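This is what each chain is made of:
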Amino acid sequence: MSFFSLDFSRKKEREVERKLRANDREYNLSFKYATNAIKTSKYNLFTFLPLNLFEQFQRIANAYFLFLLVLQVIPQISSLSWFTTVVPLVLVLSVTAAKDAIDDINRHRSDNQVNNRRVQVLIDGELRGERWMDVQVGDIIKLENNQFVTADLLLLSSSEPLNLVYIETAELDGETNLKVRQALTVTGDLGDNIDRLAAFNGEVHCEPPNNRLDRFMGTLTCAGQKYSLDNEKILLRGCTLRNTEWCFGLVLFGGPQTKLMQNCGKTTFKRTSIDRLMNVLVLCIFGFLACMCTILAVGNGIWEVNEGSQFTVFLPRQEGGNAAFCAFLTFWSYVIILNTVVPISLYVSVEIIRLGNSFYIDWDRKMYHAHSDTPAEARTTTLNEELGQIKYVFSDKTGTLTQNIMTFNKCTINGKSYGDVYDYSGQRLEITEDTETVDFSFNPLADPKFLFHDHALVEAVKLENQEVHAFFRLLALCHTVMAEEKNEETAENIGYSCNMLREEMREVFVISGTSPTDVRQELRNALTTMKPDTAEDTHFLQERTLGKGMKAIRDEVVNGEYGLVINGHSLAYALECSMELDFLRTACMCKAVICCRVTPLQKAQVVELVKKYRQAVTLAIGDGANDVSMIKAAHIGVGISGQEGMQAVLSSDFSFAQFRFLQRLLLVHGRWSYLRMCKFLRYFFYKNFTFTFVHFWYAFFCGFSAQTVYDEWFITLYNLVYTALPVLGMSLFDQDVNELWSFQHPELYVPGQLNLYFSKTAFFKCALHSCYSSLVLFFIPYAAMYDTVRDDGKDIADYQSFALLTQTCLLIAVCIQMGLEMAYWTAVNTFFVLGSLAMYFAVTFTMYSNGIFLMLPSSFPFIGTARNTLNQPNVWLTILLTSILCILPVIAYRFLWIQLRPTINDKVMFKVRQAKATPPPPPRRTRMRRTSSRRSGYAFSHAQGYGDLVTSRRFLRRPAISRSSGLTPKGRTTTGFSPMGRSAGYSPTGRPQNTKVPEVEVTSLQMYRTVRDPVF
């Protein structure tokens, strides 16, 4: 016992400091450091079946159906055949297992591809080609130009002067610009001399594995001397060696302990809010099922005592049987019969619907980026409807909101501006597609895709103007700009350029405190500005308690729109337990919050904070490895694929090439998926509750004997054949309005954020509707057939005729209800609905025929029932009456609701009908005139230019418009500068500009704002 206890404690011991020695595997193996192999797969050939089945039966529904299967093999309590449960259960388990197997096979392939990459390792005095997975801590490896960095390395030497190397970190931080690393002089002298490298035995003491990409602390001891190590001497796994012929490095961290893998975060199984609600509802349904079965079992016991003795002549009791024992068996019999309140086909249908809606995303040509040949991809098929409920979007800035692509448009050289086009009178002209471009054919190295319109600059180059030549020489040599502007100002400028921050905002708060006290005070000041009547000691009054002692902060309405900018140092204090609620409450009052210079961990912490205290769905979008933790923490993770690396994509739930596709993903695919799933669940519960409640009412007329009201074959085929395709057709093709109306009315997205389409209230209404329909479907046929005879005078009031009439009324009623639910009819939907009815009558007449009975008389006892019952006029009148009574309250309720309290969907659909289902043409996109320097890119020479203007932030926005409230924006310098726009007609050439600003089409980001003005 003590041995296992000691071994367990050793495994759980946390590493405090890493110690390693170069070229000494025996010494390094004593610390049991992780190898360089990575493993993201879950199963192998032997563990797949038991582990997968164990995981699947952890779902309450699967375990419940397995329990039902066990009950059905007990003849004393089962009135249904075992195949009614085993067939759908095996189908569900097989489909899920196949899906999990495919996913895990893909993970194995990805792992093998990475682990089997080759690298040169210095072993026993010579370089050998080894697989990545065989590299160990303390090995010295050689990298060549354009190779991926194998592990986290200490740079020893390189081919470049001063022991420099150039690396691309797109996989880590999404930035494509090259970064420089430099080795220590003492190790740089080793060069590429294999003998000297093999004799190197320096010892490294450094920090343990962590996820800080921007920091490293350690020391190197070599020849009795200690040398300090920092991040500038480290090459991280995931980087790519560029413009460097070769370099040597010492492995510090391998595999899962590298900073790249540490930033991947813990992979969690994501479930949608509808899934979580379904778990609660399923538990409630189980409780309701137990109550129904208990009522019927008690009824059976009472009936056995009062009436049962009169039937012993026909049905003799078994020895030892009494009323109590009969009631006990009846309870379990009704558990089997009434199990359709939670049909297993529900889960099969949900998976099919999610898979189908995922294909729509993959096939969407409007989300395909032709330049990079990158389509949108739904990397998971379980979160589609969650896309229709997003309330908070967390986005990386660099490479996501901005593309990291610069286009040469204008420049100013020695006080003269180039890039604009003027007519003969000196008026600036609008640049369009028809504007003449400069002919660069004289230059064989020119980019054919580059367009420039000002001939003056090219002529100046040809005339060998010294200032122009000096400008381009400096532009080519100086790749780095050391701006003195603060990080907060840069972030604010990006916010304005991306329309996250707007000129109309009353104030943009900048949180830059250097101590907890300063940060808390700045947050309180911002809170007081937004809500002046808020006292410091009452700022938690808006909280409400969640489960497990947690609290949730409600939405608070403020007068006006505000923005918030906070840097990484201040955010570290704001995320402390004592201050996180202050920060969250202040942030939630703002329309946009920008966090600048934050670590990957802080990104994830902000997401977790919102998830913890806000009952809202979150989405995180990014393009680099530094966004992986945030992507995994959010309910929905979206990766931007393309030039910035693939780490974010590999960890995401959905991916595409450009940020602008997020609008279509949410407003079209997300909203439709959520709407379809909610409609499916409401209708599915309705049709199955109605089906089951008829059994409940029938029990009071059959002596609580657990006899089924329907034919056994109808029970088997009801969910699998007769009603499966119509509901799937609605869930895959239905839409309230088309995509153009979805874009023109983004307020249609709001009901999903508020969970209005499917909730506990909607489920309760569905149950009441089913209860009413079941009463009609049972008692109307019962009354119609009571003491009724056929046209020829023969009795028709038998059990088989009643069962056929009841199940026919049920199927027709639920199909009509399906028609009322569908808002978008297609040929496929129509075929499914009418085809299901035709299938029912075809199967019914076939199974109730003489031929089938003669082949299997015990399995098909309803011989001749269909042709003898459905040829009677009163039977069809009964079907018509029950159908009208079932749908009449629904039509009346919807009519009154639309007239008295129309929803936003009702209003928009009314406009669609008014437009005869033809949406109005989209607003004309007005080409922006390049008459303003507001959004121009400049390249400045070293002569005195306009740097002061750029860094002043005045070119991006104007002061907030004064409000009647008398609030004065803080931190806005307006002295001597009164612009009419972000650039306000500023001209670097001194020429007057056109003051008229053309109307510009609303951008994608603005579409997400809640529309406050009344639309109708």
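(A) Here's a closer look at the overall build of the chain. If you tally the helices and strands in the chain, you get 35 helices and 25 strands. For the chain, buried positions account for 48% of its 1016 residues. Across the chain, the fraction of contacts at a sequence separation of at least 24, relative to all contacts at a separation of at least 6, is 75%. Carbon and sulfur atoms make up 58% of the accessible area of the chain, which totals about 51200 Å².

(B) Fine view of the pattern of salt bridges. What the rule picks out here adds up to 33 salt bridges. Two residues, Arg 181 and Glu 232, come together in a salt bridge whose shortest N-O distance is 3.6 Å. Here Arg 181 is found in strand S7 (residues 175-182), whereas its partner Glu 232 is found in the loop between strand S10 (225-229) and strand S11 (234-235), with 51 residues between them in sequence. Using a relative accessible area of 10% as the deciding quantity, one classes Arg 181 as buried.

(C) Here's a closer look at the nonpolar core. Core analysis: the largest hydrophobic core is formed by 104 residues, its most contacted members being Tyr 334, Phe 680 and Phe 685. Broken down by element, this core gets its largest block of residues, 18 residues, from helix H23 (residues 661-699). With sequence-adjacent residues up to four places away left out, Phe 680 is seen in contact with Leu 346, Ser 349, Val 350, Ile 353, Val 727, Met 730 and Ser 731.

(D) Expanded view of the confidence of the model for the chain. Summary statistics for the chain give a mean pLDDT of 81 and a share of 82% for residues scoring 70 or more. For residues 1-12, every residue scores under 50 in pLDDT, and the model assigns this stretch zero contacts once sequence neighbours within four places are set aside.

(E) Spotlight on the packing of aromatic side chains. Enumeration over the complete set of coordinates arrives at 56 aromatic pairs. Ring geometry for Phe 696 versus Trp 697: centroids 5.2 Å apart, planes at 75 degrees, classification edge-to-face. Using a relative accessible area of 19% as the deciding quantity, one classes Trp 697 as buried. Ring centres of Phe 841 and Trp 876 lie 6.2 Å apart, and the angle between their planes is 35 degrees; on these two criteria the pair is classed as tilted. With Phe 841 in helix H30 (residues 827-847) and Trp 876 in helix H33 (residues 873-900), this pair connects stretches of sequence that are 35 residues apart. When its relative accessible area of 38% is taken as the criterion, Trp 876 is described as partly exposed. Grouping aromatic residues by their ring pairs yields a cluster made of Tyr 698, Phe 701, Phe 778, Phe 779, Tyr 782, Tyr 786, Tyr 799, Phe 802, Tyr 848 and Phe 862. Residue placement shows Arg 21 over the ring face of Tyr 27; its charged tip is 4.0 Å from the ring centre. Positioned above the aromatic ring of Trp 132, the side-chain terminus of Arg 117 is 5.0 Å from the ring centre.

(F) Layout of unusual backbone geometry. Residue Asn 146 is not a glycine yet carries a positive backbone phi of 70 degrees. Along the chain, the position of Asn 146 falls in the loop between strand S4 (140-144) and strand S5 (152-158). Taking relative accessible area as the criterion, Asn 146 reaches 46% and is therefore assigned partly exposed. Located in the positive-phi region is Asn 499, a residue other than glycine, with phi close to 65 degrees. Positionally, Asn 499 belongs in the loop between helix H16 (487-497) and strand S18 (507-511). Under the relative-accessibility criterion, Asn 499 is labelled buried at 12%.

(G) How the structure looks around a nonpolar patch on the surface. There is a patch of nonpolar side chains on the surface, built from Ile 295, Phe 700, Phe 701, Leu 775 and Phe 779 and spanning about 430 Å² of accessible area. Position of Phe 701 relative to the elements: it lies in the loop between H23 and helix H24 (712-722). The partly exposed category is assigned to Phe 701, whose relative accessible area is 39%.

(H) Main features of the sheet that holds strand S23 (residues 617-622). The strand order S14-S25-S24-S23-S15 describes an open sheet built from five strands, whose pairing is mixed. Either end of the sheet is taken by a strand with one partner, and the two such strands are strand S14 (377-378) and strand S15 (390-395). Sheet analysis places strand S24 (residues 636-640) next to strand S25 (residues 654-656), joined by three bridges and oriented parallel. Directly across from Gly 639, in S25, lies its bridge partner Ser 655.

(I) Looking closely at the side chain of Lys 410. Looking at the element boundaries, Lys 410 is found in the loop between helix H13 (397-401) and strand S16 (411-413). Within polar-contact distance, the side chain of Lys 410 engages the side chain of Asp 420 at 3.0 Å.

(J) Spatial organisation of the pairing of strand S22 (residues 592-596). Only one face of S22 is buried, namely the one carrying Ala 592, Ile 594 and Cys 596, since none of Val 593 and Cys 595 on the opposite face is buried. When strand S21 (residues 562-567) meets S22, the two strands line up parallel, connected through five bridges. By the bridge assignment for S22, Ile 566 is matched with Cys 595.

(K) Structural context of the pairing of S21. Across the six residues of S21, six count as buried, placing the element largely inside the fold. The side-chain alternation of S21 yields two buried faces, one formed by Tyr 562, Leu 564 and Ile 566 and the other by Gly 563, Val 565 and Asn 567. The pairing of S18 with S21 spans five bridges and is parallel. Residue Phe 509 lies in a different strand from S21, and its bridge partner there is Leu 564.

(L) Broad picture of the packing of helix H10 (residues 273-306) against H23. Two elements in contact, H10 and H23, have axes separated by 12 Å at closest approach and are oriented at 5 degrees. Taken together, the axes of H10 and H23 lie roughly parallel to each other. Facing Ile 274, Met 278, Ile 285, Phe 288, Met 292, Ile 295 and Leu 296 of H10, the residues of H23 in contact are Tyr 674, Met 677, Cys 678, Leu 681, Phe 685, Phe 689, Phe 693, Phe 696 and Ala 699. Its residues assigned to classes, the contact of H10 with H23 comprises 16 nonpolar, no polar and no charged.

(M) Fine view of the environment of Phe 408. You can see Phe 408 is positioned in the loop between H13 and S16. Accessibility expressed as a relative area gives 23% for Phe 408, which makes it partly exposed. As a C-alpha pair, Phe 408 and Phe 452 span 44 residues in sequence and 8.2 Å in three-dimensional space.

(N) Expanded view of the sheet that holds S22. Pairing is parallel in the open sheet, where three strands are placed in the order S18-S21-S22. A strand with exactly one partner marks an edge of an open sheet, and here the two such strands are S18 and S22. Mean inter-strand twist for the sheet, computed between neighbouring axes without regard to direction, equals 15 degrees. Relative to the sheet, helix H17 (residues 516-530) contacts S18 and S21, its axis offset from that of S18 by approximately 165 degrees.

(O) Representation of the packing of H23 against helix H25 (residues 724-733) within the structure. Running from N to C, H23 and H25 point in directions that differ by 160 degrees, and their axes come no closer than 8 Å. Classified by the interaxial angle, the pair formed by H23 and H25 is roughly antiparallel. Considering how the two elements wind past one another, H23 and H25 form a crossing that is right-handed. Within the contact between the two elements, H23 uses Arg 676, Lys 679, Phe 680 and Tyr 683 and H25 uses Val 727, Met 730, Ser 731, Leu 732 and Phe 733. Here the residues of the contact of H23 with H25 are counted per class, giving six nonpolar, one polar and two charged.

(P) The arrangement of the environment of Cys 590 in detail. Within the secondary structure, Cys 590 is located in the loop between helix H19 (580-588) and S22. C-alpha of Cys 590 to C-alpha of Met 505: the two residues are 85 residues apart in sequence and 9.8 Å apart in space. The residues touching Cys 590, leaving out its near neighbours within four places in the chain, are Met 530, Tyr 562, Gly 563 and Leu 564.

(Q) Highlighting helix H11 (residues 323-337). The terminal C-alpha atoms of H11 lie 20 Å apart, and with 15 residues this matches the ideal 21 Å at 1.5 Å per residue to within 8%. Within the span of H11, buried status applies to Ala 323, Ala 327, Leu 329, Thr 330, Ser 333, Tyr 334, Val 335, Ile 336 and Ile 337. Residues of H11 that are buried sit in contact with helix H4 (60-72), H10 and H23.

(R) How the structure looks around the environment of Glu 207. Along the chain, Glu 207 turns up in the loop between strand S8 (203-206) and strand S9 (218-222). Not counting the four nearest positions on each side in its chain, Glu 207 is found in contact with Arg 18, Arg 215, Phe 216, Met 217, Phe 253 and Lys 259.

(S) Molecular detail of helix H14 (residues 455-462). Taken as a whole, H14 has its buried residues at Leu 457, Val 458 and Ala 460. End-on, the buried residues of H14 take up no more than an arc of 155 degrees, which puts them together on one face. Those residues of H14 that are buried are in contact with S16, strand S17 (416-418) and helix H15 (466-477). The distance from a side-chain oxygen at the start of H14 to the backbone nitrogen of Ala 456 is 3.0 Å, and the residue carrying that oxygen is Asp 454. Of the residues trailing H14, Glu 464 is marked for its positive phi of about 60 degrees.

Conventions we followed
Residues numbered from 1 in each chain as written. Predicted model: local features only at pLDDT ≥ 70, side-chain atom pairs only at ≥ 80, totals over all residues. Heavy atoms only, no water. Helix = DSSP H or I, 4+ residues; strand = E, 2+ residues; numbered from the N terminus. Buried < 20%, exposed > 50% of the residue type's maximum accessible area, 1.4 Å probe, protein only. Contact = heavy atoms within 4.5 Å. Areas by Shrake-Rupley, 256 points an atom, 1.4 Å probe, with all protein chains shown as cover. Salt bridge = Lys/Arg side-chain N within 4 Å of Asp/Glu carboxyl O. Core = buried A, V, L, I, M, F, W, Y, C linked by side-chain atoms within 4.5 Å. pLDDT = per-residue confidence, 0-100. Phe/Tyr/Trp six-rings, centres within 6.5 Å; stacked < 30°, edge-to-face > 60°. Lys NZ or Arg CZ within 6 Å of the ring centre and 35° of its normal. Patch = residues over 30% accessible without salt bridge, like charges linked within 9 Å, V, L, I, M, F, W, Y side chains within 5 Å. Pairing = 2+ DSSP bridges. Polar contact = N/O pair within 3.5 Å; in protein donor to acceptor, adjacent residues only side chain to side chain. Axes fitted to C-alpha atoms, helices over the stretch in contact; angles between N-to-C directions. Parallel < 35°, antiparallel > 145°, perpendicular 65-115°, else oblique. Nonpolar A, V, L, I, M, F, W, Y, C, P; charged D, E, K, R; others polar. Left-handed = near helix turned anticlockwise from the far one by under 90°. Expected span 1.5 Å × (residues − 1). Arc of directions from axis to C-beta.

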